[in-house]
Amino acid sequence: MNNGIGGCNGFPSFLPKEASLIKDPYARALARRIQRLPVQLEFEDSRSCIMSSCVKPLKENEANPVVLLHCFDSSCLEWRCALPLLENAGLETWAIDVLGWGFSDLGSLPPCTVASKRHHLYQIWNTYIKRPMILVGPSLGASVAIDFALHYPEAVKKLVLINASVYAEGNGILSKLPNTIAYAGASLLKCLPLRLYANMIAFSNISLSTTLDWTNVGRLHCLLPWWRDATVGFMNSGGYNVAGQIKKVKQKTLVICGEQDQIISYKETLRLHCELPNSNMRLIPESGHLPHVEKPASVAELIREFVQGDI
């Protein structure tokens, strides 16, 4: 089994070679820490072991661990700036790639449905973490977090939802596309111009050169050979639809909102805060859709305060 040790330039051997072209020093540092752990998955008609990518904590402690998810079609590299700050604050911090995204070995092509993503996350928790966690989900990762917390409440102590995209009703028309069109759409999702445009909307007040570099960070996992198949599998499965379940969430929740988010409206964030039975809400000034990338110190401090009970 390849856990990634022994790659060139200090990067894990399973990362695409384009990792060496990334300039962001925080992304380069975190990429060198990504490893693959064996995770046993059981489906209706099969059982398999997936080498699953994540960043493990530098050290464990007795407090509830912080587990960081990521946005739609992204990877743990989203947390390149905030994760070290959380570790410096003394928090045991994991960054996990959701099944079908990130840098896991999906050569066996497991199903990448909502149910399989949930099962995969549970198996990581049950195998390696084994304690109630503070589960952090940005954008669509918030739907992943809510779905998981509702199915496995014993595994989740608290939730942190960042610019949460939770009111979309699944994948809509995408789930009904013929495979040829779905694969064409996946290829479009991978293309550099579209990703660059999405980052220009997502971030606030960053240079073009930084936007381009962050785009290369964000699409690095798309260069793995099974990415298109996993993406189409998720599209065909129907996607996440947690809007009708938000009021059932029992965990104490922190809702974080970027002041200049052009993707999720403040009205939607306020609605989420009001529908969650036990939540607090905080605003990050001068931040767009991904404040954990753009304003990592502010987000890390809010998470630290929330974990330690100061919020």
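Residues numbered from 1 in each chain as written. Predicted model: local features only at pLDDT ≥ 70, side-chain atom pairs only at ≥ 80, totals over all residues. Heavy atoms only, no water.

What to know about helix H3 (residues 114-129)
If you check H3, its first and last C-alpha atoms are 21 Å apart, about what 16 residues at 1.5 Å a residue would give, namely 22 Å. Most of H3 sits out of view: 12 of its 16 residues are buried. Here H3 has its buried residues at Val 114, Ser 116, Lys 117, Arg 118, His 119, His 120, Leu 121, Tyr 122, Gln 123, Ile 124, Trp 125 and Ile 129. (Helix = DSSP H or I, 4+ residues; strand = E, 2+ residues; numbered from the N terminus. Expected span 1.5 Å × (residues − 1). Buried < 20%, exposed > 50% of the residue type's maximum accessible area, 1.4 Å probe, protein only.)

Side note on unusual backbone geometry
Among all residues except glycine, the phi angle is most often negative; among peptide bonds, the trans geometry is most common. Its identity is not glycine, yet Asp 73 carries a phi of approximately 50 degrees, on the positive side. Note that Asp 73 resides in the loop between strand E3 (66-68) and helix H2 (82-88). Judged by relative accessible area, which is 2%, Asp 73 ranks as buried.

Topic: the pairing of strand E6 (residues 156-162)
Burial analysis of E6 places 6 of its 7 residues in the buried class, which makes it a mostly covered element. Here strand E5 (residues 133-138) runs beside E6; their pairing, made up of 6 bridges, is parallel. Within E6, the position partnered with Gly 137 by the bridge is Leu 161. For the handedness criterion, the β-α-β arrangement of E5, helix H4 (residues 140-151) and E6 is classed as right-handed. Sheet topology places E6 next to strand E7 (residues 252-258); 5 bridges connect them, and they run parallel. If you follow Ile 162 over to E7, its bridge partner there is Ile 256. (Pairing = 2+ DSSP bridges. Right-handed = clockwise from strand over helix to strand, strands pointing away.)

A look at the packing of aromatic side chains
Centre-to-centre distance and the angle between the planes together describe a pair of aromatic rings. In total, this model carries 8 aromatic pairs according to the counting rule given. An angle of 40 degrees between the planes, with centres 5.7 Å apart, marks the rings of Tyr 122 and Trp 125 as tilted. Of this pair, Tyr 122 and Trp 125 both sit in helix H3, 3 residues apart, which is roughly one turn of the helix. In this structure Trp 125 comes out as buried when scored by relative accessible area, which is 8%. Three or more aromatic residues joined by ring pairs make a cluster, and in this case those are Phe 72, Trp 101, Phe 234 and Tyr 240. Geometry around Tyr 167 places Arg 271 over its ring, the cationic atom sitting 3.8 Å from the centre. (Phe/Tyr/Trp six-rings, centres within 6.5 Å; stacked < 30°, edge-to-face > 60°. Lys NZ or Arg CZ within 6 Å of the ring centre and 35° of its normal.)

So, the environment of Gln 308
Position of Gln 308 relative to the elements: it lies in the segment after helix H11 (296-307). Linking Gln 308 and Ala 198, residues 110 residues apart in sequence, is a C-alpha distance of 34 Å.

So, the packing of helix H5 (residues 179-190) against helix H6 (residues 192-202)
The N-to-C vectors of H5 and H6 enclose an angle of 60 degrees; their axes lie 5 Å apart at closest approach. Judged by the angle between their axes, H5 and H6 are oblique. Contact residues: Leu 188, Leu 189 and Lys 190 in H5; Leu 192, Leu 194 and Arg 195 in H6. A class-by-class count of the residues in the contact of H5 with H6 yields 4 nonpolar, no polar and 2 charged. (Axes fitted to C-alpha atoms, helices over the stretch in contact; angles between N-to-C directions. Parallel < 35°, antiparallel > 145°, perpendicular 65-115°, else oblique. Contact = heavy atoms within 4.5 Å. Nonpolar A, V, L, I, M, F, W, Y, C, P; charged D, E, K, R; others polar.)

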